[in-house]
Amino acid sequence: PHHERFQEQFAQSDQTMVAELATAIERGVEAGVFRPVNAEFEANFLYSIMQGGVLRGVTLDDPEIMRSTREAITWYVGFKLKKHQ
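This structure is a prediction, so every number in the text was calculated from the model and none was measured. Every chain is numbered independently, its residues counted from 1 as its sequence is written. pLDDT decides what is reported in this predicted model: residues at 70 or higher carry local features, side-chain atom pairs at 80 or more are listed and counted, and totals for whole chains, interfaces and linings draw on all residues regardless. Side-chain numbers come from the whole structure's heavy atoms, not from hydrogens or water.

(A) Molecular detail of helix α2 (residues 39-59). Secondary structure follows DSSP: runs of H or I at least 4 residues long count as helices, runs of E at least 2 residues long count as strands, and numbering of each begins at the N terminus. For a helix, the expected span equals 1.5 Å multiplied by the number of residues minus one. Between its first and last C-alpha atoms α2 spans 30 Å; for 21 residues at 1.5 Å apiece the expected length is 30 Å, and the two agree. Here the buried face of α2 lies against α1 (4-30) and α3 (63-81). Between a side-chain oxygen at the N-terminus of α2 and the backbone nitrogen of E40 the separation is 3.2 Å; the capping residue is N38. Once α2 ends, the next one or two residues include D61, with phi positive near 50°. Contact between two residues is taken to exist if any of their heavy atoms lie within 4.5 Å; hydrogens are not considered. We call two N or O atoms a polar contact when they sit within 3.5 Å, provided that within protein one can donate a hydrogen and the other can accept it, with sequence-adjacent residues counted only if both atoms are side-chain atoms.

As structure tokens, this is what we get:
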């Protein structure tokens, strides 16, 4: 991450992923699936959780971390974003 060329790639990849997540959240809001939220904030938060789960799971060689992270994200989306009727 300290090499300029790699850092640029990491930054571009990060921005792309956050933008894609934000677009998905915005579409969910428009479709009435998600309640109105700050899509960019939520996308940054969710992507940070995803990256942390992957980093910890790979570093510790523990697939359970990735599974539990996926469960936590699923819960969060259902609780925080999803419209409850």
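Back to the write-up after that little detour.
(B) The environment of P63, seen in detail. On the secondary structure map, P63 appears in helix α3. Residue P63 is classed as exposed on the basis of its relative accessible area of 58%. Along the primary structure P63 and N44 are separated by 19 residues, whereas in three dimensions their C-alpha atoms are 23 Å apart. Partly exposed describes any residue whose relative accessible area lies between the buried limit of under 20% and the exposed limit of over 50%, with all areas from a 1.4 Å probe on protein chains only and scaled to the type maximum.

(C) Looking closely at the packing of aromatic side chains. Classification of ring pairs uses Phe, Tyr and Trp, with its six-membered ring standing for Trp, and accepts pairs whose centres are within 6.5 Å; under 30 degrees between planes counts as stacked, over 60 as edge-to-face, and the remaining range as tilted. Per the stated rule, a full pass over the model turns up two aromatic pairs. Ring geometry for F45 and Y76: centres 5.0 Å apart, planes at 50°, overall tilted. Of the two residues, F45 is situated in helix α2 and Y76 in helix α3; the sequence distance between them amounts to 31 residues. What makes F45 partly exposed here is its relative accessible area of 34%. On the basis of an interplanar angle of 10° and a centroid distance of 4.9 Å, the ring pair of W75 and F79 is categorised as stacked. Taken together, the positions of W75 and F79, both in helix α3 and four residues apart, correspond to about one turn of that helix.

This is a description of form; function is not addressed.
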